[in-house]
Amino acid sequence: MSNKMKVVVTRDLGSDVMPLLLNKPELDVFVWPHNSACDRKWLLENAPGASGILVMLSEKLDAELFDAAGPSLRVVSTMSVGYEHADLKELSQREIRFGYTPDVLTDAVADLSVMLALMAGRNAKETMDIWPNFVWSPFAFCGPQLSTTATSPTRTAGFIGFGRIAQATLARLVPFGFQRCLYTANPATPPNAAADAALAAKHGVREVRRVPLAELARDSDVVFVLAPGGAATHHIVDEPFLRQMKPSAVLVNTARGTLVDSDALAKALHEGWLYGAGIDVVEGEPKVGLDHPLVKAPRCVVLPHIGSATTDTRLGMATLAANNLLGGLFGNDMPAELNTSR
C-alpha cells in the first residue's frame with residue numbers, strides 16, 4: 001500500500017502550475033482528465049482516501065464529498081475568491097483547512113467592470129449584432145457617456161459592496177471625471193466617516209459616502225454590483241431598486257449572479273427604467289441559454305463570467321490554489337487560508 005498522500009484536482013492547471021503538485025514525490029495526484037467542469041460522480045468516486053482536494057467554484061463542497069473522502073482529508077483548496085460553494089460549518093467541524101484565492105483577481109475584475117460600463121453605455125450589444133447591415137442616422141445607438149463633458153460635468157459612481165475590487169474600480173473611474181462615490185456596506189459594519197474622507201483624499205474625488213440603498217439607486221450614473229453572494233444579498237437588485245434608477249443609468253454586475261433579479265432587470269431594460277446593463281455573472285450559470293431573459297434583453301451585454309480571465313490573473317490564482325493545498329498537506333502556513341470557524 002502506497003504511503004503517498006492522495007490529492008484530487010478537478011481541473012488541469014496547466015504546465016506552469018501542475019508541476020508544483022506532480023513533482024512532489026510525496027503526492028499521488030488524480031486529475032479530472034477533461035477540459036470541462038468536473039463530473040460530480042467522478043469526484044465522489046476518486047475522493048476516498050484523499051488528503052487534499054483542489055477544486056473550482058463549480059464544485060460543491062459539502063458533507064457528501066467530505067464523507068466520501070473520509071477522515072484522511074485535511075485540506076481543501078478552491079481556485080476562486082468566492083466560497084459560497086463551500087459548507088464552512090462542515091469544514092470547521094471536521095477540522096479541514098480551507099484555502100481560497102483573494103486579492104489576485106482584484107485588478108482584472110476592476111478592469112472588466114469599467115469595460116462593461118463602457119460597453120453597456122455605448123450599446124455594444126446591439127451595434128455588434130446589427131453591423132454591417134444598418135442605416136446610419138445622427139442619433140442611432142447613442143447612449144450615456146461614461147466620461148464627463150462640458151454639458152454634463154458631473155458623474156456619480158454607486159457601489160453595492162465596497163471592498164478591494166470596488167475601490168480599485170473607483171480608482172479607474174477618476175480619470176473619466178467621476179467626483180462622487182456612493183456605496184452600501186454590510187449593515188453589521190459601522191459607518192466610518194474618517195475613512196471615507198481619507199479615501200476621497202487619496203483618489204482626489206469630492207465625496208465618498210455610505211448611503212442607503214435607495215439613495216444609491218436614485219443618484220448613481222453607474223451602479224456597480226460588487227458585494228459577496230449569499231442569502232443576505234440575494235436579489236439585492238430587485239424591481240423596487242431598478243425602478244428608482246435614472247433612465248440614463250447603467251448597471252454593472254461582476255460579483256455574483258444571485259445579487260440581481262434577472263427577470264426584474266430584463267423588465268427594466270425593456271421598459272426603459274435604466275439605459276443599459278453589463279453583466280459578467282448570471283443567476284443559474286453556467287446553464288444560461290439564448291432564451292435567458294437577460295440574453296434577450298435590449299442594451300444588455302452578457303459575458304460568460306470572465307472577470308478573472310487574464311493569463312496573469314489565472315496563473316496567479318492557480319499558483320495560489322496549489323500552494324494553499326501544499327501548505328495544508330504538509331502542515332505549513334497556507335498563503336491564503338480562510339478561518340472557517342468565524
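Rules used in this analysis
Residues numbered from 1 in each chain as written. Predicted model: local features only at pLDDT ≥ 70, side-chain atom pairs only at ≥ 80, totals over all residues. Heavy atoms only, no water. Buried < 20%, exposed > 50% of the residue type's maximum accessible area, 1.4 Å probe, protein only. Helix = DSSP H or I, 4+ residues; strand = E, 2+ residues; numbered from the N terminus. Pairing = 2+ DSSP bridges. Contact = heavy atoms within 4.5 Å. Polar contact = N/O pair within 3.5 Å; in protein donor to acceptor, adjacent residues only side chain to side chain. Lys, Arg positive; Asp, Glu negative; His and termini not counted. Salt bridge = Lys/Arg side-chain N within 4 Å of Asp/Glu carboxyl O. Axes fitted to C-alpha atoms, helices over the stretch in contact; angles between N-to-C directions. 1 Å grid on protein atoms, 1.4 Å probe; cavity = no way out; pocket = protein on both sides within 12 Å on 5 of 7 lines; lining within 4 Å. Points joined across faces, edges and corners; volume = space filled by probe spheres on them. Nonpolar A, V, L, I, M, F, W, Y, C, P; charged D, E, K, R; others polar. Phe/Tyr/Trp six-rings, centres within 6.5 Å; stacked < 30°, edge-to-face > 60°. Lys NZ or Arg CZ within 6 Å of the ring centre and 35° of its normal.

Novice: Mind laying out the pairing of strand S1 (residues 5-9), listing which residues take part and the relevant values?
Specialist: In terms of burial, S1 is largely enclosed, as five of its five residues are buried. On S1, burial covers both faces: Met 5, Val 7 and Val 9 on one face and Lys 6 and Val 8 on the other are all buried. Sheet topology places S1 next to strand S2 (residues 27-31); five bridges connect them, and they run parallel. Counted as the bridge partner of Val 9 is Val 31 from S2. Across four bridges, S1 lies against strand S3 (residues 50-55) in parallel orientation. Following the sheet pairing, Lys 6 is matched in S3 by Ala 50.

Novice: Mind laying out helix H11 (residues 262-271), listing which residues take part and the relevant values?
Specialist: For H11, every residue scored as buried is listed here: Ser 262, Ala 264, Leu 265, Ala 266, Ala 268 and Leu 269. Buried residues in H11 make contact with helix H10 (239-243), strand S10 (250-253), strand S11 (276-279), helix H12 (293-296) and strand S12 (300-302). The N-cap residue of H11 is Asp 261: its side-chain oxygen and the backbone nitrogen of Asp 263 are 3.1 Å apart. One or two steps after H11, the chain reaches Gly 272, where phi turns positive at roughly 75°.

Novice: Describe the side chain of Lys 125, listing the residues and the values that go with them.
Specialist: Considering the arrangement of structural elements, one finds Lys 125 in helix H6 (residues 124-130). For Lys 125, which is buried and forms no salt bridge, the nearest opposite charge comes from Asp 129, at a distance of 5.3 Å. With residues up to four places along the chain from it excluded, the contact list for Lys 125 reads Leu 294, Val 295, Lys 296, Ala 297, Cys 300 and Val 301.

Novice: Run through unusual backbone geometry, naming residues and quoting values.
Specialist: Residue Pro 286 is bonded to the preceding Glu 285 through a cis peptide linkage, with omega at 10°. Along the chain, Pro 286 turns up in the loop between S11 and H12. For Glu 95, which is not a glycine, the phi torsion comes out positive at approximately 55°. Here Glu 95 shows up in the loop between helix H4 (88-93) and strand S5 (97-99). The backbone of His 235 shows a phi angle near 55°, a positive value even though the residue is not glycine. Residue position: His 235 is located in the loop between strand S9 (222-225) and H10.

Novice: Give a detailed account of the sheet that holds S9, specifying residues and quantitative values.
Specialist: Pairing between the strands of a sheet comes from backbone hydrogen bonds, and it takes one of two forms, parallel or antiparallel. The strand order S8-S7-S6-S9-S10-S11-S12 describes an open sheet built from seven strands, whose pairing is parallel. Of all strands in the sheet, those with a lone pairing partner are strand S8 (207-210) and S12, marking the two edges. Ignoring which end each strand starts from, the neighbouring axes of this sheet average 15° apart. Taken together, the four bridges between S9 and S10 define a ladder with parallel strand orientation.

Novice: If you had to explain the layout of surface pockets to someone new, which residues and values would you point to?
Specialist: Roughly 160 Å³ of internal volume is contained in the second largest pocket. What lines the second largest pocket is simply Ala 117, Gly 121, Pro 144, Gln 145, Leu 146, Arg 155, Asp 221, Val 222, Ser 248, Ala 249 and Val 250. Partitioning the lining of the second largest pocket into residue classes produces six nonpolar, three polar and two charged.

Novice: Just give me the short version of the pattern of salt bridges, but keep the residues and values in it.
Specialist: Applying the stated criterion across every chain yields a total of 16 salt bridges. Linking Glu 239 and Arg 243 is a salt bridge whose minimum nitrogen-to-oxygen distance equals 3.1 Å. Taken together, the residues span about one helical turn, with Glu 239 and Arg 243 both in helix H10 at a distance of four residues. Residue classification places Glu 239 among the partly exposed residues on the basis of a relative accessible area of 27%.

Novice: Would you mind going over the packing of aromatic side chains in detail, with residue names and values included?
Specialist: In the structure shown here, the tally under the stated rule is five aromatic pairs. Between Tyr 83 and Tyr 100, the aromatic rings sit 5.7 Å apart at their centres with planes inclined by 85°, giving edge-to-face as the arrangement. Of this pair, Tyr 83 sits in the loop between strand S4 (75-78) and H4 while Tyr 100 sits in the loop between S5 and helix H5 (106-121), and the two are 17 residues apart along the sequence. Owing to a relative accessible area of 24%, Tyr 83 belongs among the partly exposed residues under this scheme. On the basis of an interplanar angle of 15° and a centroid distance of 4.4 Å, the ring pair of Phe 162 and Tyr 183 is categorised as stacked. Linking Phe 162 in the loop between strand S6 (156-160) and helix H7 (164-173) with Tyr 183 in strand S7 (residues 180-184), this pair joins segments that are 21 residues apart in sequence. Tyr 183 carries the same exposure label as Phe 162, and that label is buried. Among the aromatic residues, those joined into a cluster by ring pairs are Phe 159, Phe 162, Tyr 183 and Phe 224. Lys 6 extends its terminal NZ or CZ atom over the ring of Phe 30, reaching a point 4.9 Å from the ring centre.

What is shown is where atoms sit, not what they do.
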